[in-house]
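Secondary and tertiary structure notes
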Amino acid sequence: MISIREHYQHTGNTHEAITHGLARSGRVVTAAALIMAAVFGGFVFSPDPVIKSIGFALTVGVLIDAFLVRLTLVPAALAILGDRAWTLPTRLDRLVPHVDVEGTATTVAPTVPDSKEPVATTRT
């Protein structure tokens, strides 16, 4: 779902970001969920009832997470919230520290010396 956030940062359009993000990551999420479900589903054929129930629970959990949550509910919630999905409430924003892992908030402006002050040069 990070591709949705990245596209939103570039365009500022929530609905376009959701469409673009799901187009890019939807196949990956689906393939990963099917692979994990196949692996966990293999444990269902175990003779041990504990392993069988764990395999079944993991298979159902992965499929619900991928198809219901990641590909349905999260994009729907983002579409309903619109631009509000990307900001924190004011009170919470004051409490949470501002961590910029990707470096998007800091921009360094180039420093240009004032034209009024002479630049010292050394002669050799």
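Everything below is about the structure printed above this text.
Residues numbered from 1 in each chain as written. Predicted model: local features only at pLDDT ≥ 70, side-chain atom pairs only at ≥ 80, totals over all residues. Heavy atoms only, no water.

1. Considering helix H3 (residues 49–81)
The largest bend along H3 reaches roughly 40 degrees and is located at Val 69. Of all the residues in H3, the buried ones are Gly 55, Thr 59, Val 62, Ala 66, Pro 75 and Leu 78. Residues of H3 that are buried in the fold lie against helix H1 (2–11) and helix H2 (14–42). Of the residues one or two after H3, Gly 82 is the one with positive phi, at around 65 degrees. (Bend = angle between axes of the 7 residues up to and from the residue. Helix = DSSP H or I, 4+ residues; strand = E, 2+ residues; numbered from the N terminus. Buried < 20%, exposed > 50% of the residue type's maximum accessible area, 1.4 Å probe, protein only. Contact = heavy atoms within 4.5 Å.)

2. Overview of the pattern of salt bridges
For side chains of opposite charge, pairing can occur when their charged atoms come near one another. On inspection of all chains with the given rule, the structure shows 1 salt bridge. Between Asp 65 and Arg 70 there is a salt bridge; the shortest N-O distance is 2.9 Å. You can call Asp 65 partly exposed: its relative accessible area is 31%. Since its relative accessible area comes to 38%, Arg 70 is described here as partly exposed. (Salt bridge = Lys/Arg side-chain N within 4 Å of Asp/Glu carboxyl O.)

3. Re the packing of aromatic side chains
Counted by the stated rule, this structure contains 1 aromatic pair. Measuring from centroid to centroid gives 4.9 Å for Tyr 8 and Trp 86, while their planes differ by 20 degrees, and the two rings are stacked. Here Trp 86 lies in the loop between H3 and helix H4 (90–95) and Tyr 8 lies in helix H1, a separation of 78 residues in the sequence. Of the two residues, Tyr 8 and Trp 86, neither departs from the other in class, the shared state being buried. (Phe/Tyr/Trp six-rings, centres within 6.5 Å; stacked < 30°, edge-to-face > 60°.)

4. Structural notes on a nonpolar patch on the surface
Judged by side-chain polarity, Met 1, Phe 56, Val 60, Ile 64, Leu 68, Val 69, Leu 73 and Val 74 come together as a nonpolar surface patch covering roughly 620 Å² of accessible area. Tracing the backbone through its elements, the reader meets Ile 64 in helix H3. The class of Ile 64 is partly exposed, set by a relative accessible area of 43%. (Patch = residues over 30% accessible without salt bridge, like charges linked within 9 Å, V, L, I, M, F, W, Y side chains within 5 Å. Areas by Shrake-Rupley, 256 points an atom, 1.4 Å probe, with all protein chains shown as cover.)

5. Details of the nonpolar core
Core analysis: the biggest nonpolar cluster contains 6 residues, these being Ile 4, Tyr 8, Ala 17, Ile 18, Leu 78 and Trp 86. Among the secondary structure elements, those contributing two or more residues to this core are H1 and H2. Excluding its chain neighbours within four sequence positions, the residues that come into contact with Leu 78 are Ile 4, Thr 14, Ile 18, Ala 85 and Trp 86. (Core = buried A, V, L, I, M, F, W, Y, C linked by side-chain atoms within 4.5 Å.)

6. Describing the side chain of His 7
Relative to the elements of secondary structure, His 7 occurs in helix H1. Among the polar contacts listed, one links the side chain of His 7 to the side chain of Glu 16, at a separation of 3.1 Å. Those residues within four positions of His 7 in sequence are excluded, and the remaining contacts are Gly 12, Glu 16, Ala 17 and His 20. (Polar contact = N/O pair within 3.5 Å; in protein donor to acceptor, adjacent residues only side chain to side chain.)

7. Overview of H2
An ideal rise of 1.5 Å per residue puts 42 Å on 29 residues; H2 measures up with 39 Å between its terminal C-alpha atoms. Of all bends in H2, the biggest is about 45 degrees, found at Ser 25. One side-chain oxygen at the N-terminal end of H2 lies 3.3 Å from the backbone nitrogen of His 15; it belongs to Asn 13. (Expected span 1.5 Å × (residues − 1).)

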